[in-house]
Every structure is written in structure tokens, then in C-alpha cells.
Amino acid sequence: MKRFWLTIYVLFLVSSIQATSSPNKCTSGTQDETQYEYIIVVDNSVTYSEAKAACTAMSATLADVKTEDILNYLDDRITNEGTWTEFYIGATRVGDTDQFQWTDGTCVENGHWGAGEPNNLGGIEDCVLMGWFSPPNSWNDEKCSYSANYICQRNSSSMTTPPTAPCKDNDATSDNLVYEYIIVESYVNSYSKAEAGCAAMDGTLAKVTTSQIHDYLVNLITASASYSSHYYIGATRIANTEQFQWSDGTCVVGGQWNGGEPNDLGGDENCVFMEYFPSYLWNDRVCSYSANYICQKNIAATSDETTQSALCEANTAKSLDTEYEYIIVADSFSNFLEAKAACAAMGGTLANVKTNETQNFLDDRIANEGSWGMFYIGATRIGDTDQFQWTDGTCVEDGHWGDPEPNDTGGDEDCVLMGWYWPPNSWNDIYCSFTAGYICQRDASKTSSNMPDSSTVPTPSTSTKNNEGTQDDSSSCEDNTTNGHSGT
């Protein structure tokens, strides 16, 4: 009798092991959709294994779309966000069968298959895509090497908790001219990563308190040839409320919201984005959404070029200084700080165009090389004055200004461009976050075959920090002992 029961027990144990480990079987299971956050990743077409790894990197898995409620929620998200495309979800074929299973090993039961699917075309369609099928956002089996976007799911307990403290009153009523704004065209997959990206530039995510700032940022975005559709800004929801606050703890009052927003779709839209359609108005989204971001930096703290309070010393340069080599960079559009950093990486500075001879030399170079455009040179405004100075602290005297420059439009035009003005290649004052080419100068005696030139220096990015030494903020600038452009 004991041997009989032992035999039955062994058979039951073997049967159980086979049932849970066989590559041709899955288990039944349910899912509580409220316990997960869903992350829709667009603009990143990858294979199934790469999508799976990307979700894992976010402490997530590919989405297990087990219920009609989850399917409808994702369908609404895709429709509302205008992200119609194909997405990997967490279903894969079980062995050589017609059965599919989710990432947790449970069976795909029924499913939202498109017409004629799954059909295992070619006998190698072992993964599942959602989207762009009939009916909309239905499923299709596809080979796992196919490139597509993907949807991840993450346990809601691992989500970043939005701030809970009440916000402070915000007294901003006009355009804030003490900040430089930086449009970062680099996708990140969370608010915290966007925040860290700004912190690396000694800044914060942008605080867009007025319509003037919003319009200014829209102009910055659309002026870029590579502008994108979504940008994090520095607003987050105060937990379980309808109130948002800026990163400094002040309340978001009003705001440039799109129609129907904020709507907290799914109950987890705790971050704020400027979005392409329409007109970069705001939308609340999950804080794990993939997007670019906009930073702001306090000019007084980070841009010594624009905060000099001392007057400069007289410029004594009289002719073209042959000790310098001039490098015209026409195919790398950068803001002033990026241009300055790029010149420093080449062992130089932005060009100090102190004399007519230097101006004419560069004018001829630009004409002969066919590099017409706008170029940063080394002149910056001193504080709130009408005086400009060169990178060595000497005064810009007269200058080759276009008509009617400099005019300090908007009160924040603290940098100088050469090019495309009247007369040709004359100067214009411009805000320092404008993107343009640039002209560097470096000591010709130090130029060697192993010194980088404009073709080998990496293209500046918005995360480039200014590592060059700061200028003297004392009561006067240094005496000028070099040559350059001093007048027209």
C-alpha cells in the first residue's frame, strides 16, 4: 500500500513539474490593472529582446495586456497622445504551438487579434505587436527581430511619488530676464533624468510662469532644425491634488494648458510637458514618458560674460595680429557658451575682432569659403550697460555694427554675432542662447598637427559645461596688449 501511494505521489510530482516547465504550456492567471504604471515608448524602434531589456532597465517588463480594461486604457493613451505606430507587448509564442503566453508565464486567452491573426507567416512569428492593424491597435504576430516601439509596465509601488507639501505663492508676473533657457534635444525616459541633465549644467528644469516666457521658448524650439514633439518642463503635480508646483516649490498658477488638460489620465500623470500639437501647449503625462527637456540657468550664477559690472580698459590694438590663427565653424550651430567651450577645446577662444584689418580678413575668409551665415565672436555686454568687451577684458570700441545695432531688443541681447547683416558681415547683438556658427582664434605658434581643428572637435551639446576660467569681476578690466578690430 505504501508503495502504491508513493507511486501516485511521484507521478503527481512529475506531472506538476512538467506542467510548469514545459516549453509548450502556460498557466492561467489574472491581472489587476490598477497595480501597474504603463510606459509607452515611441521614437525608439528595437527588436523584441532589446525592448525587453529596455523595460528591465526601467525596473519594468513588457506590458501584459490581459484584460479589456487594460487594452482600452492603452488604446486611449495611444490615441490621445497621437502615437499611432507598432508596439511590442509582453506576449510570445509557446514553442511550436498556437498558444501565446505573457511575461509571467500565464496564457494569452482570446486576445485582441487583428483580422487573420495570428497567422505565423513563414513559421517564425513568435512575438506580438499592438497597433496599426484592423481594428485599430489590435494585435499581430511578428518575427522577434522586427524593429518596433514598445510598451512597458511597472509596479506602481516603484513609481516616483510626487511632492506632497503645499506650494508657495508665485509672484512672477513678467518675462524673467535673469535666466538663460536651453532646449535639450536628447530623449530621456523620466522626469528625474531630465532634472539631472539640467543639474549637470548648473540649472533646473524650466519654470514657465508667463505667456512671454512660453512664447520665447516656442521660438527657441522652432528655430532649431532638430526640434522635437515633447519637452519636460519643471512642473509636477502635488500628490493626489489638481495643483502643480514648480521645482522651486512655488505654485503653478494658470498655465499654458492644452484644451481638456490637465486630465490626469489613468491617475498617474504627475509631470508636465510642452507638446508640438498644438503650439507647444501643456499636457500632463506620466513621469516616465520619453521626451526631451528644457533647462534654465541663472545668468548671474553661470554666465560671467553677461554679468560684468566693471567697465573695461582701453583697446590699443591697431592692426591684424598675425600671431593668431582664425577658425570659422559654419556647420555646427551652438549657443554662446557652447561656442566658447568648442573654441576652448581647440586650444583657443572666440575671436576678438578688434581692428578693421581683422574684420576685413575674416570678411574675405567667409566670402572665399562660401560660409555665409551668422557667427559668434568674442564680444559680450558688460552688465546692464551699452558697453561690450572682448574675451580678454578689453573694450569693444566702435565696432562694425549693422544698422541700427546694437539695440538690445528685449533687454537680454548680451552676445554678438557677425554676419548676414547690412553692411555684409557687420555685427548684431543677440541673446546668448541663440544658436549660430562661431569663429575661434588660437595662438598660431601653438598650432601643431596634434592639436584638434574644427573638423575633429566634437559638436557641442547642450550639456557642455564651460570649463574655461572666469573673467575678472574687479573694478576694471585688464590692459589690452593684443591686436584686433577697434572700429569701422
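1. A look at the overall build of the protein chain
Summing up its helical and strand segments, the protein chain has eight helices and 21 strands in all. For the protein chain, the proportion of its 488 residues judged to be buried stands at 48%. Long-range pairs, those at least 24 residues apart, make up 77% of the contacts in the protein chain between residues at least 6 apart in sequence. Surface summary for the protein chain: the accessible area is close to 22,900 Å², and the carbon and sulfur share equals 51%.

2. Regarding the pairing of strand E21 (residues 436-443)
The buried count for E21 comes to seven of eight residues, which makes it a mostly enclosed element. In this sheet, E21 lies alongside strand E15 (residues 324-334) in antiparallel orientation, the contact comprising seven bridges. The partner of Ile 328 across the bridge, within E21, is Ile 439. Judged from the two bridges that link them, strand E16 (residues 349-350) and E21 form a sheet pairing that is antiparallel. In the sheet register, Leu 350 faces E21, and the bridge partner there is Cys 440. Sheet topology places strand E17 (residues 375-381) next to E21; two bridges connect them, and they run parallel. What sits directly across from Phe 375, in E21, is Gly 437.

3. A short note on helix H7 (residues 336-345)
Within H7, eight of the ten residues are buried, leaving the element largely enclosed by the surrounding structure. Every buried residue of H7 is listed here: Phe 336, Leu 337, Glu 338, Ala 339, Lys 340, Ala 341, Ala 342 and Cys 343. The opening residue of H7 is Asn 335, an N-cap whose side-chain oxygen sits 3.2 Å from the backbone nitrogen of Leu 337. Residue Gly 347 follows H7 closely and has a positive phi angle near 80 degrees.

4. With respect to unusual backbone geometry
With omega at -10 degrees, the peptide bond leading from Glu 117 into Pro 118 counts as cis. In this structure, Pro 404 follows Asp 403 across a cis peptide bond, with omega equal to 10 degrees. As for its position among the elements, Pro 404 is in the loop between strand E18 (388-389) and strand E19 (415-418). For Asn 120, which is not glycine, the phi dihedral falls at a positive 50 degrees. Structurally, the position occupied by Asn 120 is in the loop between strand E4 (100-101) and strand E5 (127-130). Of note in this structure, Asp 398 is not a glycine but carries a positive phi near 65 degrees. By the secondary structure assignment, Asp 398 is in the loop between E18 and E19.

5. Some details on the pairing of E5
Residues of E5 alternate between two faces, with Cys 127 and Leu 129 on one and Val 128 and Met 130 on the opposite face, all of them buried. For strand E3 (residues 87-93) and E5, the ladder comprises three bridges, and the chain directions are antiparallel. Paired with Phe 87 across the two strands is Met 130, which belongs to E5. As judged from the four bridges shared by E5 and strand E6 (residues 139-142), these two strands associate in the antiparallel manner. Within E6, the residue paired with Met 130 across the bridge is Trp 139.

Rules of the game
Residues numbered from 1 in each chain as written. Predicted model: local features only at pLDDT ≥ 70, side-chain atom pairs only at ≥ 80, totals over all residues. Heavy atoms only, no water. Helix = DSSP H or I, 4+ residues; strand = E, 2+ residues; numbered from the N terminus. Buried < 20%, exposed > 50% of the residue type's maximum accessible area, 1.4 Å probe, protein only. Contact = heavy atoms within 4.5 Å. Areas by Shrake-Rupley, 256 points an atom, 1.4 Å probe, with all protein chains shown as cover. Pairing = 2+ DSSP bridges. Polar contact = N/O pair within 3.5 Å; in protein donor to acceptor, adjacent residues only side chain to side chain.

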